Structures are given as C-alpha cells and as structure tokens.
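Listed below are the residues making up each chain.
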Amino acid sequence: MINVLICGISGKMGATVEELLRGDKNAKAVCGVDVRNNESKIPVYDSFEKVKEKVDVIIDFSSPTVLKSELEWAAKNGVPVVLGSTGFSDKDLQLIENSAKSIAIFKTANFSLGVNLLMKLVRQSAEILGEKFDVEIIERHHSQKVDAPSGTALMLAESANATGKPYIYGREGATKRGNEIGIHAVRGGTIVGEHEVMFAGEDEIITLSHSAHSKKVFAAGAIKAAIFIAGKPSGKYDMQDIIK
C-alpha cells in the first residue's frame, strides 16, 4: 500500500482522485496540499513544508504556480511525482528536466489509457499513410478550460508529425491548405474531453477519435501512474511506459 499526497486536492480532479483512492487496494490518500480546503476527510496543508505524513508519491492536479516548491520538496524527501497539470512554460519544463535527474517524474497531458492508445494508433497511421494524407486535429472541451489547444491535441500532433510539419491553429481568411497540420479547439458546455484526428487523402478519409465521458477516466489513470512510479529510479516516465 503506497501513501499518496494529492496536490490540488480541493479542485475537481484532486477531489476525484481522493474519491477513487478510498476504494483502491494498492494506494491510499494520506494528505493534500492546496491553498483552499474544501472539507477533505484527510489533512490538507497550504504548503509542502507543513506536510507531516509519510508520503510515497505525489499526484498533482493543481497548476504550474506550485511546481517549483513541489519539486524542491519532492527532491529533498526522495518522493516521485505524477504531474497532471498542463500549461507549463519553457522555464517550468526545464525545471522538470532538471528535477528528473534526482527523482522519478511521471508527466503526461492525458492519463487516459484510451487516449494513449490513440496516440500509438495515430503514429502508426501516419507512418503507413505518409505525406499524401493531410492531417487535421479537432479537440473539444468544457467552457472553463483555460489552455487551448489542449495538451493532448499537441501530443497527438507530435504523434502524427514525423517530418516536422508546422502547426496551424484554426483557420481564418486564406485557407488554401499547405504542408501543415491543422489543430482546432472547441470550447462549450460541460464537455469532458473529445479528440479527433482526421487523415484526409484523395477520395478517402480515415478518422481516429476518443471521447471521455467522466473525469474519473483521468483520475484512475493518475492512480495507475502513481502505483507504477512508486519506487522507480530517477528519470521521466509517461503513459507509454505503462502501455509497454
């Protein structure tokens, strides 16, 4: 049984992780870190320095603003980190790279096994279909999502982009297509997450897609990642490591 600290426990994803951990046989939530405290059933601290519990792994669904203090605490205490936040700056990404030299870090923009299988299928499709097929990616999320395009859409674009094509984010004005990958973001209502990759060739279209109906999909994946990374040596890990 591993002990989990949930960073961002008072947010929607953090609360979902806490809920799922109550019934998990391999991991349990022992505390959380959040500037808010929405009456969690476990201790919640407003900074990592105040944590008293023994922690085996951190699951983070907060925001990049706490990244520096989180990774410093994790490195000091030898605790692996599962990063579920998106919207990292170049400086944040460099900090993650440096921290992965001393602790294990699991980073992905999407914890769904289905989405990560989709990435693998997109990569295989791009290799088989080649340059004769145009690639367009459409992602749909709820109206309150902050970043666009989604981190998952960018991962899918990377999977389809063996030759380094430029990305076009939406289309306006002159829309004659060139040798690019189009990425389009839709925001509305309570859409949890939908991603579609279209390969458009001469006289035929191939579409690969994934739709998430609940945030529990991502919370369950993060718990799988936490169990996977506990005890692992320093370095960077992602969902492809679990799929392998």
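Going by the structure above, here's the rest.
Residues numbered from 1 in each chain as written. Predicted model: local features only at pLDDT ≥ 70, side-chain atom pairs only at ≥ 80, totals over all residues. Heavy atoms only, no water.

Section: the overall build of the chain
Piece 1. When helices and strands are tallied, the chain shows seven helices and 12 strands.
Piece 2. Rg of the C-alpha trace for the chain: 19 Å, near the compact-globule value of 18 Å for 244 residues, within the 12% margin.
Piece 3. By principal-axis analysis of the C-alpha atoms, the chain measures approximately 60 × 35 × 35 Å.
Piece 4. A buried classification covers 45% of the 244 residues belonging to the chain.
Piece 5. Partitioning the contacts of the chain with sequence separation of at least 6, the portion at a separation of at least 24 is 66%.
Piece 6. Entry remark: accessible area of the chain is about 12,600 Å², with carbon and sulfur atoms responsible for 51%.
Piece 7. A distance of 5 Å separates the average location of the 30 positive side-chain charges in the chain from that of its 31 negative side-chain charges. (Helix = DSSP H or I, 4+ residues; strand = E, 2+ residues; numbered from the N terminus. Rg over C-alpha atoms; globule rule 2.2 N^0.38 Å. Buried < 20%, exposed > 50% of the residue type's maximum accessible area, 1.4 Å probe, protein only. Contact = heavy atoms within 4.5 Å. Areas by Shrake-Rupley, 256 points an atom, 1.4 Å probe, with all protein chains shown as cover. Lys, Arg positive; Asp, Glu negative; His and termini not counted. Charge placed at Lys NZ, Arg CZ, Asp CG, Glu CD.)

Quick notes on the sheet that holds strand β4 (residues 57-60)
Piece 1. Read across the sheet, seven strands follow the order β3-β2-β1-β4-β5-β6-β12 without closing on themselves; strand pairing throughout is parallel. Among the strands making up the open sheet, the edge pair consists of β3 (44-45) and β12 (235-237).
Piece 2. With four bridges connecting them, strand β1 (residues 2-7) and β4 associate as parallel partners. Across the sheet, the residue bridging to Ile6 is Ile59, located in β4.
Piece 3. Lying on the sheet, helix α1 (residues 12-21) is in contact with β1, β2 (27-33) and β4; it crosses β1 at an angle near 160°. (Pairing = 2+ DSSP bridges. Axes fitted to C-alpha atoms, helices over the stretch in contact; angles between N-to-C directions.)

A closer look at the sheet that holds strand β9 (residues 181-187)
Piece 1. Overall, mixed pairing links the five strands, which are arranged β8-β9-β7-β10-β11 in an open sheet. Whereas interior strands pair on both sides, the edge strands pair on one side only; in this sheet they are β8 (167-169) and β11 (204-212). Sheet twist, expressed as the average angle between the axes of neighbouring strands with direction ignored, equals 15°.
Piece 2. Bridge count for β8 against β9 is three bridges, and the pairing is parallel. Bridge pairing in β9 links Ile168 to Gly182.

Let's talk about the pairing of β11
Piece 1. Two strands pair when backbone bridges link them, and strand β10 (residues 193-201) and β11 are joined in this way by nine bridges, in the antiparallel orientation. Following the sheet pairing, Gly201 is matched in β11 by Glu204.
Piece 2. What sits between the antiparallel neighbours β10 and β11 is a turn of two residues, in which Asp203 has the positive phi angle 70°.

Thoughts on the pattern of salt bridges
Piece 1. One pass over the structure, following the stated rule, counts 16 salt bridges.
Piece 2. In this structure, Lys165 engages Glu131 in a salt bridge whose closest nitrogen and oxygen atoms are separated by 3.5 Å. Of this pair, Lys165 sits in the loop between α5 (151-159) and β8 while Glu131 is found in the loop between α4 (113-129) and β7 (134-141), placing the two residues 34 residues apart along the sequence.
Piece 3. Its salt-bridge partner being Glu136, residue Arg177 comes within 2.8 Å of it at the nearest N-O pair. Placement of the pair is Arg177 in the loop between β8 and β9 and Glu136 in strand β7, with a sequence separation of 41 residues.
Piece 4. Accessibility expressed as a relative area gives 26% for Arg177, which makes it partly exposed.
Piece 5. The class for Glu136 is buried, based on a relative accessible area of 12%.
Piece 6. Look at the salt bridges and you will find they share partners, linking Asp134, Glu136, Arg171, Arg177 and Glu180 into a network. (Salt bridge = Lys/Arg side-chain N within 4 Å of Asp/Glu carboxyl O.)

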